[in-house]
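# A closer look at the structure
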Amino acid sequence: MNQYWVYIMANQWNTTLYTGVTNDLERRVHEHQVGVDPRSFTARYHTRKLVWYEEHNDIHRAISREKQLKNWKRDWKNALVSGTNPTWQDLSEDWK
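Okay, so let's go over this structure.

Relative to the 16 Å expected for 12 residues at 1.5 Å per residue, helix α3 (residues 59-70) spans 16 Å between its end C-alpha atoms, a close match to the ideal helical length. Regarding α3, the residues found buried are Ala62, Arg65, Glu66 and Leu69. Down the axis, α3 shows its buried residues gathered within 100° of arc, on one side only. When the buried face of α3 is taken as reference, the exposed residues oriented beyond 90 degrees from it are His60 and Lys67. The N-cap of α3, judged by a side-chain oxygen 2.9 Å from the amide nitrogen of His60 a few residues on, is Asp58.

Have a look at this one:
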């Protein structure tokens, strides 16, 4: 079974968010954290903390969810993250 993740990254002050989709969450988060592409949004705005994610079994649903979240107001995204991660800690800390 295939797995896909929709995720939200934040900078250290939680003022900038990035929403993405991937089939390998650990690899993709690491790429954001090390700045594989220095011209990317996540590198320029230092969004290195994984603060929220959800798993999907269908790539089309995952992409649809990513698009939905990208169109959400900031307050809605804040509430989504705070609902499962009230302290906005980096959920990938234990992966390192």
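Structure's up, so let's keep going.
Moving on to the nonpolar core. Within the largest apolar cluster, 12 residues are counted, these being Tyr4, Val6, Ile8, Ala10, Leu17, Val51, Trp52, Ala62, Leu69, Leu80, Val81 and Trp88. Looking at this core, the elements with two or more residues in it are β1 (4-10), β3 (49-56), α3 and α4 (74-84). A total of 4 residues in this core trace back to one element, the largest contributor, which is β1. In this structure Val51 touches Ile8, Met9, Ala10, Val81, Asn85, Trp88, Gln89 and Leu91, once residues within four positions along its chain are discounted. Counting residues in each nonpolar core, the second largest holds 7 residues, with Trp5, Tyr7, Met9 and Tyr18 among its members.

Position of Asn11 among the secondary structure elements: in the loop between β1 and β2 (17-22). Since its relative accessible area comes to 4%, Asn11 is described here as buried. For Asn11, the residues in contact, after removing those within four places along its chain, are Thr16, Tyr45, His46, Thr47 and Lys49.

Its location among the elements puts Thr16 in the loop between β1 and β2. In this view, Thr16 contacts Met9, Ala10, Asn11, Phe41, Tyr45, Thr47 and Arg74; residues no more than four positions away in its chain are not counted.

Conventions adopted
Residues numbered from 1 in each chain as written. Predicted model: local features only at pLDDT ≥ 70, side-chain atom pairs only at ≥ 80, totals over all residues. Heavy atoms only, no water. Helix = DSSP H or I, 4+ residues; strand = E, 2+ residues; numbered from the N terminus. Expected span 1.5 Å × (residues − 1). Buried < 20%, exposed > 50% of the residue type's maximum accessible area, 1.4 Å probe, protein only. Arc of directions from axis to C-beta. Polar contact = N/O pair within 3.5 Å; in protein donor to acceptor, adjacent residues only side chain to side chain. Core = buried A, V, L, I, M, F, W, Y, C linked by side-chain atoms within 4.5 Å. Contact = heavy atoms within 4.5 Å.

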